[in-house]
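If you want the building blocks of each chain, they are given just below.
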Amino acid sequence: MRVIFFDLDTLRPDHLSCYGYYRKTSPNIDAICSDAVKFTNYYCTDAPCLPSRAALLSGRYGINNGAVGHGGSRASYFNEGANRGFRTRLHQSCLTNIFASLKLHTVSFSSFAARHSFYDYTACFNEIYNCGKNGFETADEVYKEVSRWLNDNKDRQDWYLHINLWDAHTPYRTPENFRVFNDSPLETFLTDEKIAEQHKHRSPHGSLEINMYDDKVNENYPKQLGKVMNLSDYKKLVDEYDNAINYIDGYIGKIVNYLKENGLYDETNIIVSADHGENMGELNIYSEHATADEYTCKIPMIVKWDGCLKNHTDSGLHEHIDLLPTLADLTGTYKRPIWDGESYAETLKAGKDTGKSVVHLSQMAHVCQRSVRFGDYLYIRTYQDGFHDFPKEMLFDLKNDKYEENNIAKVKPEIVKKARKMLKSFLKANLKNGKKDPMKTVLKEGVYHAKGYLEHYANYLKNTNRAEEAKKLIRRDGKYKWAHEKKPGQKGK
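Residues numbered from 1 in each chain as written. Predicted model: local features only at pLDDT ≥ 70, side-chain atom pairs only at ≥ 80, totals over all residues. Heavy atoms only, no water.

Caption draft 1: Layout of the overall build of the chain. Each helix and strand in the chain was counted, giving 16 helices and 17 strands. At 22 Å, the chain has a C-alpha radius of gyration in line with the 23 Å of a compact globule built from 493 residues. In terms of overall dimensions, the chain has a C-alpha envelope of 65 × 60 × 45 Å along the principal axes. Looking at the chain, you have 70 positive and 66 negative side-chain charges, and the mean spots of the two groups are 7 Å apart. (Helix = DSSP H or I, 4+ residues; strand = E, 2+ residues; numbered from the N terminus. Rg over C-alpha atoms; globule rule 2.2 N^0.38 Å. Lys, Arg positive; Asp, Glu negative; His and termini not counted. Charge placed at Lys NZ, Arg CZ, Asp CG, Glu CD.)

The structure is reproduced here in structure tokens:
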């Protein structure tokens, strides 16, 4: 068995042409789709990067595995304590072990573990290739390592390759002359008037502070804007995001072509997915994955698997923690009872509807939010908004309000009540026997990407004609000790 998992950081599915995007961003991924099952309502349960991959690897919600943030006590899995065996439960039941248990040679081309100091992710890999740039490497650099490995091992029949490409994550850094979409028209829900309205409000990673708390631009990455003043600026931002996706797609094409030229493609199983999506103006957040909303949490999932359907689309609700038990079913490996995910193998094999009635989403690195996605609705409960100005409850009718512009929580109390009940049931089911909610630890220690930036951001608000917003922020968040602490290290995203 040969398996490739293309793990594409920060990729929202509606910017892929195979998902209906108006630009031809992904011809090579599109071609894989013709031999695969494509899922159109697929979500990461825990965002952003570290919590998402922690959940994917373990097959468990962050509320159960403990890794829900980017810093502090809860940027790690729960300690197994006295019950830890010679090998951890994770080692014995993680996604990579599915392939290791089948005696496949497991290889990861990724800097993720080093970038986030999350070395649990290396469990069960025989080889790890890290370009050493902590997520700032480009697809061509990763491809060199993948190409070399494939050439050295083309006669092997038993491998699993995890290929992690980061180009769609900020800062946008495709080569200067790589400008595929810069001369093509823009289609957007935004207008100059809507952007001007956003300018009045505070929002880390908002239109006036894409750098999180200011509009600084790194001279090493001139393609990454610091602010969006109008639609012309917004087009530049979207162009570079789309260019990055197309750049990734080109190198996926090179790998797929190698497989075809060497007679390996038909018998190689391929998975294409992402850790999370990206807001591009929705909720006044630009080029960031900072909430538990539709655009941060919705991800692509494309599965080409031997004996499964081809050119099939599934619209059921699924969570990315479902991949692990699905792979266990497809490969005939033993299903451990500690997984929270549910297999959709029958969807892949026979097109059976295995979708869920509701999926549960979480964000605890930029804000503390929990959400439920059901029917046409997305309900978001905010516990700490990380210097944004989110109300406690938000409800969006995604069928009629695709870009989350109208919070209808107050006009649809019956739907809000239903969503609250769903969230309460989820918490009750996952916080049994006195188990501590990891969100409580995050709220006590401080939301990582807001920790220590209160004064800096308040001053920036004052300097950008938003003095009243600064006063509101200090009056509200000044009581939190963590808001004033100097944050150690760099402001990594």
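Caption draft 2: Up close: the side chain of Ser-273. Inspection of the secondary structure puts Ser-273 in strand E8 (residues 268-273). There is a polar contact of 2.7 Å between the side chain of Ser-273 and the backbone oxygen of Pro-300. Not counting the four nearest positions on each side in its chain, Ser-273 is found in contact with Phe-5, Phe-6, Asp-7, Leu-8, Ile-299, Pro-300 and Met-301. (Polar contact = N/O pair within 3.5 Å; in protein donor to acceptor, adjacent residues only side chain to side chain. Contact = heavy atoms within 4.5 Å.)

Caption draft 3: Examining the sheet that holds strand E17 (residues 393-397) more closely. Reading across from one edge, E4-E14-E15-E16-E17 is the order of the five strands in this open sheet, with mixed pairing throughout. Two strands lie at the open edges of the sheet, namely strand E4 (46-47) and E17, each paired on one side alone. Relative to strand E15 (residues 368-374), strand E14 (residues 359-363) is paired through five bridges, and the arrangement is antiparallel. Paired with Val-359 across the bridge in E15 is Arg-373. (Pairing = 2+ DSSP bridges.)

Caption draft 4: Fine view of the packing of helix H15 (residues 454-463) against helix H16 (residues 467-477). In the contact formed by H15 and H16, the axes pass within 7 Å of each other and the chain directions differ by 160°. Here H15 is positioned roughly antiparallel relative to H16, judged by the angle of their axes. As for the relative orientation of H15 and H16, their crossing is left-handed in sense. Contact residues: H15 offers Leu-454, Tyr-457, Ala-458, Leu-461 and Lys-462, while H16 offers Ala-467, Glu-469, Ala-470, Leu-473, Ile-474 and Asp-477. (Axes fitted to C-alpha atoms, helices over the stretch in contact; angles between N-to-C directions. Parallel < 35°, antiparallel > 145°, perpendicular 65-115°, else oblique. Left-handed = near helix turned anticlockwise from the far one by under 90°.)

Caption draft 5: Expanded view of the pairing of E14. In terms of burial, E14 is a largely internal element, five of the five residues being buried. Covered by surrounding structure in E14 are Val-359, Leu-361 and Gln-363 together with His-360 and Ser-362, the residues of both alternating faces. By the bridge criterion, two bridges tie E4 to E14 in an arrangement that is parallel. Across the sheet, residue Asp-46 finds its bridge partner in E14, namely Ser-362. Once E14 ends, the chain turns through four residues before running back antiparallel as E15. (Buried < 20%, exposed > 50% of the residue type's maximum accessible area, 1.4 Å probe, protein only.)

Caption draft 6: Structural context of the pattern of salt bridges. One pass over the full model with this rule turns up 34 salt bridges. Here Asp-239 and Lys-235 are joined by a salt bridge, their closest N and O atoms 2.7 Å apart. In this pair, Asp-239 and Lys-235 are both assigned in helix H9 (residues 231-261), four residues apart and thus about one turn of the helix distant. Comparing Asp-239 with Lys-235 shows no difference in burial state: the two are buried. Taken together, the salt bridges that share partners define one network made up of Asp-7, Asp-9, Arg-53 and Asp-275. (Salt bridge = Lys/Arg side-chain N within 4 Å of Asp/Glu carboxyl O.)

Caption draft 7: Examining the packing of aromatic side chains more closely. Throughout the structure, instances matching the rule amount to 26 aromatic pairs. Taken together, a centroid distance of 5.0 Å and an interplanar angle of 75° make the contact between Phe-178 and Tyr-247 edge-to-face. With Phe-178 in the loop between strand E7 (159-165) and helix H8 (192-198) and Tyr-247 in helix H9, the pair connects residues that are 69 residues apart, well separated along the chain. Ring pairing ties together the aromatic residues Tyr-77, Phe-112, Phe-118 and Tyr-121, which thus form one cluster. Sitting over the ring of Trp-166, Arg-53 keeps its end group 5.5 Å from the ring centre. Against the face of Tyr-383 rests Arg-381, its NZ or CZ located 4.3 Å from the ring centre. (Phe/Tyr/Trp six-rings, centres within 6.5 Å; stacked < 30°, edge-to-face > 60°. Lys NZ or Arg CZ within 6 Å of the ring centre and 35° of its normal.)

Caption draft 8: Quick look at the packing of helix H7 (residues 139-152) against H9. Their axes nearest at 10 Å, the elements H7 and H9 cross at an angle of 10°. Between H7 and H9, the interaxial angle falls into the category roughly parallel. Counting all contacts with H7, which are made through Ala-139, Asp-140, Tyr-143, Val-146, Leu-150 and Asn-151, the residues of H9 involved are Tyr-247, Ile-248, Tyr-251, Lys-254, Ile-255 and Tyr-258.

Caption draft 9: Looking closely at the environment of Asp-293. If you trace the backbone, Asp-293 turns up in the loop between strand E10 (286-288) and helix H10 (294-297). Judged by its relative accessible area of 0%, Asp-293 is buried. The spatial distance from the C-alpha of Asp-293 to the C-alpha of Lys-424 is 18 Å, given a sequence separation of 131 residues. Residues in contact with Asp-293, not counting those within four places in the same chain, are Asn-279, Leu-283, Lys-298, Leu-361, Leu-378, Ile-380 and Glu-404.

Caption draft 10: Region of the structure containing the state of the cysteines. Following the criterion strictly, the structure yields zero disulfides and no others. Cys-94 forms no disulfide, and the closest cysteine sulfur to it belongs to Cys-124, at a distance of 3.9 Å. In this structure Cys-94 comes out as buried when scored by relative accessible area, which is 1%. Looking at Cys-131, it has no disulfide partner, and the nearest cysteine sulfur is the one in Cys-49, 17 Å off. (Disulfide = S-S within 2.5 Å.)

Caption draft 11: Structural view of the sheet that holds strand E2 (residues 37-39). Strand order in the open sheet formed by eight strands is E6-E5-E7-E1-E8-E11-E2-E12, with mixed pairing between adjacent strands. In this open sheet, the two strands that pair with only one neighbour each are strand E6 (127-129) and strand E12 (312-314). Across this sheet, the average inter-strand angle for adjacent strands is 15°, counted without regard to direction. On top of the sheet, H9 reaches strand E1 (2-8), E7 and E8; it is set at about 175° to E1, its chief contact.

Caption draft 12: Broad picture of H15. Within H15, burial applies to Leu-454, Tyr-457, Ala-458, Tyr-460 and Leu-461. All buried residues of H15 lie within an arc of 160° about the axis, which places them on one face of the element. Looking at the buried positions of H15, the neighbouring elements they touch are H16. Residue Asn-465 follows H15 closely and has a positive phi angle near 60°. (Arc of directions from axis to C-beta.)

Caption draft 13: Region of interest: the environment of Ala-168. Turning to its location among the elements, Ala-168 is positioned in the loop between E7 and H8. For Ala-168, a relative accessible area of 0% translates into the label buried. Taking C-alpha positions, Ala-168 is 6.0 Å from Tyr-241, a pair spaced 73 residues apart along the chain. Those residues within four positions of Ala-168 in sequence are excluded, and the remaining contacts are Asp-9, Thr-10, Tyr-241, Ala-244, Ile-245 and Ile-248.

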